[in-house]
Amino acid sequence: MTTPTSQDSADRSRIDALINHHRQQPGALLPLLHAVQDALGFIPQEAVPRIAAALNLSRAEVHGVITYYHHFRSKPAGRHVVQICRAEACQACGADALLAQAEQLLGCKAHETRADGAVTLEPVYCLGLCASSPAMQLNERPYARVTPQQLQRLAQSLGVSA
Ligand code: FES
């Protein structure tokens, strides 16, 4: 069992403030989950029962929404977040090959974070750049018509080796 830190306590306070801000809003769950992730970078497991109680939902309902949407993270991300679009238009333009290349260049599998915490690699489902597929994001900056060479340059800019 781990000892709570002052960071845990600060995170708890932020979660409580966000719950209080959103709890009366109709359909509060999604906006609240977005707000928690925007504030902390992920949705801590301990937030689930608090959110469920505040919104009169079951833990399973809250957990189900978090796991249904790929956008939500249950663990902290790495210092850099690489997202490769795997939705239909990007799939048709080589997204699978890009993702495989990213796994190799970054030294971590899709949905995972490197052991050194440098990079998280996430498949995502449409970045709104379908007409310029394949698309990806690096630290929320979008890139369109991504080539293997461009992906290699972006990966090198992160200073990690596989
Ligand atoms: S399908 Fe990839 S950006 Fe829309």
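What counts, and where the lines are drawn
- Residues numbered from 1 in each chain as written.
- Predicted model: local features only at pLDDT ≥ 70, side-chain atom pairs only at ≥ 80, totals over all residues.
- Heavy atoms only, no water.
- Helix = DSSP H or I, 4+ residues; strand = E, 2+ residues; numbered from the N terminus.
- Buried < 20%, exposed > 50% of the residue type's maximum accessible area, 1.4 Å probe, protein only.
- Contact = heavy atoms within 4.5 Å.
- Axes fitted to C-alpha atoms, helices over the stretch in contact; angles between N-to-C directions.
- Left-handed = near helix turned anticlockwise from the far one by under 90°.
- Nonpolar A, V, L, I, M, F, W, Y, C, P; charged D, E, K, R; others polar.
- Pairing = 2+ DSSP bridges.
- Parallel < 35°, antiparallel > 145°, perpendicular 65-115°, else oblique.
- Arc of directions from axis to C-beta.
- Phe/Tyr/Trp six-rings, centres within 6.5 Å; stacked < 30°, edge-to-face > 60°.

S.K.: Help me understand the overall build of the protein chain in this model?
M.R.: Secondary structure summary: the protein chain contains seven helices and five strands in total. The secondary structure elements of the protein chain, listed N-terminal to C-terminal, are α-α-α-α-β-α-α-β-β-β-β-α. The principal-axis extents of the C-alpha atoms in the protein chain amount to approximately 50 × 35 × 25 Å. Classification of the 162 residues of the protein chain by burial places 41% in the buried group. Intrachain contacts of the protein chain at a sequence separation of at least 6 include 58% that bridge at least 24 residues.

S.K.: Quick question: what am I supposed to make of the packing of helix α2 (residues 29-40) against helix α4 (residues 59-68) here?
M.R.: Helix-helix packing: each pair is described by the crossing angle between the helix axes and the interaxial distance. Their axes nearest at 11 Å, the elements α2 and α4 cross at an angle of 65°. For the pair α2 and α4, the crossing hand works out as right-handed. Judged by residue contacts, L29, L30 and L33 of α2 engage V62, V65 and I66 from α4. Broken down by class, the residue content of the contact of α2 with α4 amounts to six nonpolar, no polar and no charged.

S.K.: What should I look at first to understand the sheet that holds strand β1 (residues 80-85) in this one?
M.R.: Sheet strands pair by backbone hydrogen bonding; their relative direction is either parallel or antiparallel. Taking strand neighbours across the sheet as the criterion, the five strands line up as β2-β3-β1-β4-β5 in an open arrangement whose pairing is mixed. Strands with a single pairing partner mark the edges of an open sheet, and in this sheet they are β2 (112-113) and β5 (141-143). As defined by bridge partners, β1 adjoins strand β4 (residues 136-138) across three bridges and the pair is classed as antiparallel. Looking at the pairing, V82 lines up with L138 of β4.

S.K.: Can you help me understand the packing of helix α6 (residues 95-106) against helix α7 (residues 148-157) in this one?
M.R.: Contact geometry for α6 and α7: axes closest at 10 Å, N-to-C directions at 30°. Taken together, the axis directions place α6 and α7 in an arrangement best described as roughly parallel. In terms of crossing hand, the pair formed by α6 and α7 is right-handed. In this structure, α6 uses L98, Q101, A102, L105 and L106 to contact α7, whose residues at the interface are P148, L151, Q152 and A155. For the contact of α6 with α7, a count of residues per class yields seven nonpolar, two polar and no charged.

S.K.: What is the right way to read α7 from this model?
M.R.: The α-helix advances 3.6 residues per turn, and as a result positions three or four apart in sequence lie on the same side. Q150, L151, L154 and A155 are the residues of α7 that are buried. The buried side chains of α7 occupy one side of the element, clustering within an arc of 135° when seen end-on. In α7, the exposed residues that point more than 90 degrees away from the buried face are R153 and Q156. Buried residues along α7 sit against β1, α6, β4 and β5.

S.K.: How do you make sense of the packing of aromatic side chains when you look at a structure like this?
M.R.: Any aromatic ring pair is given by two values, namely how distant the centres are and how the planes are angled relative to each other. Enumeration over the complete set of coordinates arrives at two aromatic pairs. Between Y68 and Y69, the aromatic rings sit 5.0 Å apart at their centres with planes inclined by 90°, giving edge-to-face as the arrangement. Judged by its relative accessible area of 35%, Y69 is partly exposed. Seen from their ring centres, Y69 and F72 are 6.1 Å apart, and the 85° between their planes marks the pair as edge-to-face. These aromatic residues form a ring-pair network of at least three members: Y68, Y69 and F72.

S.K.: Please explain the environment of Q156 as it appears in this structure.
M.R.: Its location among the elements puts Q156 in helix α7. Take Q156: its relative accessible area is 56%, and that puts it in the exposed class. Sequence separation between Q156 and Q101 is 55 residues, and the spatial gap between their C-alpha atoms is 13 Å.

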